[in-house]
Amino acid sequence: MKYISTRGGTPEGVSAAQAIKQGLAGDGGLFMPESLPVLSTQMLQSLCDKTYAQRAAQILGMYLTDYTEGELLADCTAAYEESRFPGGAAPLAPLSDGKRILLELWHGPTCAFKDMALQIMPKLLSRALKKTGEHRTALILVATSGDTGKAALEGYRDVDGVKIAVFYPAHGVSRVQKLQMATQEGNNVFVQSIHGNFDDAQSGVKRIFSDPDVAKRLDENQVFLSSANSINWGRLVPQIVYYISAYCDLVKNGTIRMGERIHVCVPTGNFGNIFAAYLAKRMGLPIDRLLCASNKNHILTDFLRTGVYDRNRAFYTTMSPSMDILISSNLERLLYVTFGTEKTAAWMKSLQKTGSYELGQAELAVLQKEFSGYFCEEEQTASTIREVYADSHYLCDPHTAVGVGAAKQYLDQTQDSTPILIASTASPYKFAYDVCKAIGTPLPENDLAALHVLHDVTGTPIPAPLADIERRTVRFEPEAAVEAADMLQSVSGYFGIR
Ligand SMILES: *Cc1c(COP(=O)(O)O)cnc(C)c1O
C-alpha cells in the first residue's frame, strides 16, 4: 500500500514506513493511503473472537503492508498489554437509557485517549527508521497544552533511535498535568516549561522545524526532527481499530446483531478521532451517522451545517481544553477522500490566505449524508456531567460530556432508536476539578485536592497513574522556565547536540 499527499505533490507515493517517519508530505499535505482496504463481514466476524491486540495487528496490517504480521502482533501485544491498560484497552460502558454506549479510551498510562495511538506509534516509528535505512536519531519536538505532551512522553520513553522533547507553557497547564510531565521517567526524554502561552510554545517548535540552518546542524550531529501530532498517519491508523473492536464487542454482548448499524459520536478537536471512525465506515463497518461534537469553539458544527469553514472568530478557553481548536487539521483528509486533490488544495490555499473557505451546496450535501454537527455550551457540558451521574451513576469528564450532550441533542431531535457509540476520551479524574464543580461536591482547593474529593464523594477509584503523582520524583523543574526563543538551546544542551 502506497501513501500519497492530499495536495497531489507525491503522485508516485511512499511506503507506510516512510510516511510515518516523515509525518507531513513534502508539499505541506497529509499522507493518505492510495486506496482504502475492505473489511468484509466474514473478517469482521472473525475479529470478534480475538483479543484487542490481535484485532489491532490485523487491522494495522491492512494499511501498513510493509510491516510483517509478526512485527505488528509483537508491537500491538506490547502496546496494549494489561499492565499498560488495566481494565482493558477499550471497554464499553452503557448509560442507563441503553441507547448511548460509552467507548472508554482512557485506560492507558496517561488517562486520555491519546494513549491509544501514542502507545503503538513510537514502535511503528522505531521500525520505520530501520526499514528506511535511517542511521540518524529522530528528535521528536512537541508543544503541548497538556494531554498530548504527557502521552507522547510515555509512548516514546526508552524507544530505540528516538529522543523526545516536550515544551509547555509554565502558566497554561493544570497542576496535575504539570506534575505528570515533570516526573516523567525514561533515558531519552526532556521536558521544558516556557514563559508565554501555548501559541508561543507552538510557534517556537514550528520555527525550529522550518529553519534550514537548524536542520543542517542537527544533521551534522546525526539527528533529524520528527513530530508526534495527529497529522502523522501513524497516529490515525491505530484509532480505526477501537471502533471496529467496539462493534465486535457490541455484537458479542448482544446489544446488536452482526450487520446492524450504529451511530458513532465523537468529541472533536483536530478531527483525528472522528476521521478514524469515518475510515472504519468507509472500510465497511456498519456505521450509519457520524455525530461530530464540539464545545463552545464550534467551528466544525458551523461547517457541517453551512459549508463555511471560517476561523476568523473568537477563541474560547473551556473546561474541555483538548477541543479548544480553530484549525482542525485532519479535516483536510476528509475533504481529500471525498472530493479529491484539486478542490482540497484550493480550499487549503484559501484557508491559509483568508482564514476561511466555503463548500458548494452539492458538496455540503455529500458531507451531510454522513455527518451531523452538534455543540455544547459550557453550561450544557456541566449539566450533562451532573445528569449522567444522577441517572447512571457514571462520571464523565468534560470532553466526554460534550459527546454525551451532542448525542442527546440528536436523540431529542430524531427519536431514532439506533444505538449510539460515544467516544469517551479522558478519565474524569484527569479533569477532576471541573467534574467536582459540575456534580456539586464541596469545592476543592486545587486540582490535586480534587482527585481526593472526587474519590471520597463518589467512591470510584483514582486511576493508578494519577494516584501517586504527588509522591513521584520531579526530574524537570516546572519553575525553571525559559524564553520561547531559547527552546532549541535548552534541548540541544540537554541532549549534548553541538
Ligand atoms: C485530543 C482530545 C480530543 C480531540 O480529539 P481530536 O482527534 O483532536 O478530534 C478530545 N478529548 C480529549 C480528552 C483529547 O485529549
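Residues numbered from 1 in each chain as written. Predicted model: local features only at pLDDT ≥ 70, side-chain atom pairs only at ≥ 80, totals over all residues. Heavy atoms only, no water.

### Describing the pairing of strand 6 (residues 162-169)
- With seven of eight residues buried, strand 6 is to be regarded as a mostly interior element.
- Sheet analysis places strand 5 (residues 137-143) next to strand 6, joined by six bridges and oriented parallel. Considered in strand 6, the bridge of Leu141 is made with Ala165.
- The parallel pair strand 5 and strand 6, bridged by helix 7 (residues 147-156), forms a crossover whose chirality is right-handed.
- Here strand 6 runs beside strand 7 (residues 189-194); their pairing, made up of six bridges, is parallel. Within the sheet, the bridge partner assigned to Pro169 lies in strand 7 and is Ile194.
- Handedness of the crossover joining strand 6 and strand 7 through helix 8 (residues 175-182): right-handed. (Buried < 20%, exposed > 50% of the residue type's maximum accessible area, 1.4 Å probe, protein only. Helix = DSSP H or I, 4+ residues; strand = E, 2+ residues; numbered from the N terminus. Pairing = 2+ DSSP bridges. Right-handed = clockwise from strand over helix to strand, strands pointing away.)

### Section: the site of the ligand
- The immediate surroundings of the ligand are formed by 15 residues, with Lys114, Gly269, Asn270, Asn273 and Thr425 found nearest.
- Within the side chain of Asp147, an N or O atom sits 3.2 Å from an oxygen atom of the ligand.
- At 2.7 Å from an oxygen atom of the ligand is found a main-chain nitrogen or oxygen belonging to Gly269.
- Protein chains bury 96% of the 390 Å² of accessible surface belonging to the ligand in isolation.
- Counted by class, the shell around the ligand contains five nonpolar, eight polar and two charged residues. (Near = heavy atom within 4 Å. Polar contact = N/O pair within 3.5 Å; in protein donor to acceptor, adjacent residues only side chain to side chain. Areas by Shrake-Rupley, 256 points an atom, 1.4 Å probe, with all protein chains shown as cover. Nonpolar A, V, L, I, M, F, W, Y, C, P; charged D, E, K, R; others polar.)

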